[in-house]
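Spelled out from the first residue to the last, the chains are:
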Amino acid sequence: MGPPRRPTRKSQPISEIDVLWITAGLGCDGDTIAMTAATQPSIEDIVLGALPWIPKVRFHNPFLASENGDDFMKTFYLAAEGKLNPFILVLEGSVPNEGNKEEGYWASFGTDRATGQPITTCEWIDRLAPKAWAIIAAGTCSTYGGIHAMEGNPTDCMGLPDYLGWRWRSKAGIPIVCVPGCPVQPDNLMETLLYLLHMAAGRAPMIPLDEGLRPTWLFGSTLHEGCDRGGYYEQAQFAEEYGSPLCIVKLGCWGPVVQCNVGKRGWMGGIGGCPNVGGICIGCTMPGFPDKFMPFMDQPPGSLLSSAAVQTYGRAIHALRRFTQASLNKEPSWRQQRRSAPGNKSDVGTAI
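What this report covers is the structure whose coordinates are included nearby.

Rules used in this analysis
- Residues numbered from 1 in each chain as written.
- Predicted model: local features only at pLDDT ≥ 70, side-chain atom pairs only at ≥ 80, totals over all residues.
- Heavy atoms only, no water.
- Helix = DSSP H or I, 4+ residues; strand = E, 2+ residues; numbered from the N terminus.
- Rg over C-alpha atoms; globule rule 2.2 N^0.38 Å.
- Buried < 20%, exposed > 50% of the residue type's maximum accessible area, 1.4 Å probe, protein only.
- Contact = heavy atoms within 4.5 Å.
- Areas by Shrake-Rupley, 256 points an atom, 1.4 Å probe, with all protein chains shown as cover.
- Lys, Arg positive; Asp, Glu negative; His and termini not counted.
- Charge placed at Lys NZ, Arg CZ, Asp CG, Glu CD.
- Polar contact = N/O pair within 3.5 Å; in protein donor to acceptor, adjacent residues only side chain to side chain.
- Arc of directions from axis to C-beta.
- 1 Å grid on protein atoms, 1.4 Å probe; cavity = no way out; pocket = protein on both sides within 12 Å on 5 of 7 lines; lining within 4 Å.
- Points joined across faces, edges and corners; volume = space filled by probe spheres on them.
- Nonpolar A, V, L, I, M, F, W, Y, C, P; charged D, E, K, R; others polar.
- Axes fitted to C-alpha atoms, helices over the stretch in contact; angles between N-to-C directions.
- Parallel < 35°, antiparallel > 145°, perpendicular 65-115°, else oblique.
- Pairing = 2+ DSSP bridges.

Some words on the overall build of the protein chain
When its secondary structure is counted, the protein chain shows 11 helices and seven strands. At 27 Å, the protein chain has a C-alpha radius of gyration far larger than the 20 Å of a compact globule built from 352 residues. For the protein chain, the spread of C-alpha atoms along the principal axes amounts to about 105 × 45 × 45 Å. Here the protein chain holds 352 residues, and the buried ones make up 48% of them. The long-range fraction of contacts in the protein chain, counting pairs at least 24 apart against all pairs at least 6 apart in sequence, stands at 73%. Working note: accessible area of the protein chain is about 18,200 Å², and carbon and sulfur atoms make up 56% of it. Charge separation in the protein chain, taken as the distance between the mean sites of 30 positive and 33 negative side-chain charges, equals 12 Å.

What follows is the structure in structure tokens.
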């Protein structure tokens, strides 16, 4: 079962909205970079107002902004003071535990104008989350902790749902919206943002999310179900080395159980995506990543039984299909010329 739902509060459609993007979690800015490759829609489509029926968007991302320093931070200070409304908060990177040490800090964003001291990322979340119209966790680090949350990490970091609580709701009644991926698939992120903008305009119902707070229409199927190599699995044709076009589950691919659409959607402009270019799936859209998927290059334990079970069936079916294919690769007998038939004009050659 997914998270409990409650309708958004009745309000007038929003005509203008700010998107405040914090990249100061523990991350690599990979989700910001990935987002610039989106085409359905692109960030330009959103910001320049190319799409009808959505609010005017003011976008604040430190990588893409022309402002810097205090000029860039001004909007965040206003939002923290309750003077910017409404806004969508986007967090990139995992959330460290700032209480597990006696001094110092793990991550910060800007400085306190009164003390001149760094403002930690956790402080920004505490200040902005209660005032946000909606929150998006962009990428696996901010959704579930990701690489930085591996067992034994010194920061005790976590995903945003673990920090705020899995049942957290914005002031508009919207759960945390998680769009995982390491990095996030560009169009998945921008399509999710577009859905929220349609909600803000009063033109869409509550965003449907699964138990991992992921948009259901994007993460409802496994990678295997949309994979170009899926037919080879069914025929028990498995690659033994990289570079083969066959199913790569024996090389360590977790596609049969991982909820991800990159095999069908591709990476940029419908092109690419891990299995489409020969890369194994390592489960980066899943809450258990990376610990439960390691070591990455080993065949998944569960696939040992399933791949063995499909061998007899797959090979038999493949042989029968080859037999049928051989028949279908020949024209029907009635189309063939019968040179022995009397009066057949096709028997007459042309002499030169």
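Describing the side chain of Ser244
Summarising the element assignment, Ser244 is placed in the loop between helix H9 (230-234) and helix H10 (262-265). On the basis of relative accessibility, which here comes to 17%, the residue Ser244 falls in the buried class. Among the polar contacts listed, one links the side chain of Ser244 to the backbone nitrogen of Leu246, at a separation of 3.1 Å. For Ser244, the contacting residues outside a window of four places in its chain are Arg229 and Ala239.

Focus on the environment of Phe238
Its place among the elements puts Phe238 in the loop between H9 and H10. For Phe238, a relative accessible area of 8% corresponds to the buried category. Between the C-alpha atom of Phe238 and that of Lys250, which follows or precedes it by 12 residues, the distance is 6.7 Å.

Quick notes on helix H4 (residues 121-128)
Of the residues making up H4, those classed as buried are Thr121, Cys122, Trp124, Ile125 and Leu128. Each buried residue of H4 lies within a common arc of 160 degrees when the element is viewed along its axis, so the set occupies one face. Turning to H4, the residues buried within the fold contact strand E1 (16-22), helix H3 (69-80), strand E3 (87-92), strand E4 (108-111), strand E5 (118-120) and helix H6 (160-164).

Considering empty space enclosed by the protein
Per the stated rule, a full pass over the model turns up two cavities of 30 Å³ or more. One number sums up the size of the largest cavity: a volume of about 80 Å³. Lining the largest cavity are Leu223, His224, Cys227, Arg229, Gly230, Cys247, Ile248, Val249, Cys253, Gly255, Pro256 and Pro275. Of the residues belonging to the lining of the largest cavity, the class tally is eight nonpolar, three polar and one charged. Space inside the second largest cavity adds up to approximately 30 Å³. Along its surface, the second largest cavity is lined by Trp21, Val90, Ile136, Leu189, Met190 and Leu193. For the lining of the second largest cavity, the element with the highest residue contribution is helix H7 (residues 186-200), accounting for three residues. Of the residues belonging to the lining of the second largest cavity, the class tally is six nonpolar, no polar and no charged.

Remarks on the packing of H3 against H4
Working note: a packed helix pair is described by the angle between its axes plus the distance between those axes. Following both chains from N to C, one finds H3 and H4 inclined at 50 degrees, their axes separated by 8 Å at the closest point. The angle between the axes of H3 and H4 places the two elements in the oblique class. Only Trp124, Arg127 and Leu128 of H4 make contact with H3, whose side of the interface consists of Met73, Phe76, Tyr77, Ala79 and Ala80. Here the contact of H3 with H4 is composed, by residue class, of seven nonpolar, no polar and one charged.

A few points about the layout of surface pockets
There is about 280 Å³ of room inside the second largest pocket. Together, 22 residues line the second largest pocket, and Cys182, Pro183, Val262, Cys274 and Cys284 are the ones closest to its centre. Class assignment for the residues of the lining of the second largest pocket results in 17 nonpolar, five polar and no charged.

Focus: the side chain of Thr143
Structurally, the position occupied by Thr143 is in helix H5 (residues 140-144). Within polar-contact distance, the side chain of Thr143 engages the backbone oxygen of Thr140 at 3.1 Å. When residues no more than four places from it in sequence are discounted, the contact partners of Thr143 are Ala137, Gly159, Leu160, Pro161, Cys178, Val179 and Pro180.

Structural notes on the sheet that holds E3
Spatial strand order, E2-E1-E3-E6-E7: five strands in an open sheet with parallel pairing. Strand pairing shows two members of the sheet lacking a second neighbour, strand E2 (56-60) and strand E7 (177-179), which therefore form its edges. Averaged over neighbouring strand pairs, the angle between their axes works out to 20 degrees when direction is ignored. By the bridge criterion, three bridges tie strand E6 (residues 134-138) to E7 in an arrangement that is parallel. For Ala138, the partnering residue across the bridge sits in E7 and is Val179. Along the sheet, H3 makes contact with E1, E2 and E3, crossing E1 at roughly 110 degrees.

Overview of unusual backbone geometry
Residue Phe289 is joined to Pro290 through a cis peptide bond whose omega torsion reads 0 degrees. Within the element layout of this structure, Pro290 appears in the loop between H10 and helix H11 (301-328). In this structure, Pro295 follows Met294 across a cis peptide bond, with omega equal to -5 degrees. Position of Pro295 relative to the elements: it lies in the loop between H10 and H11.

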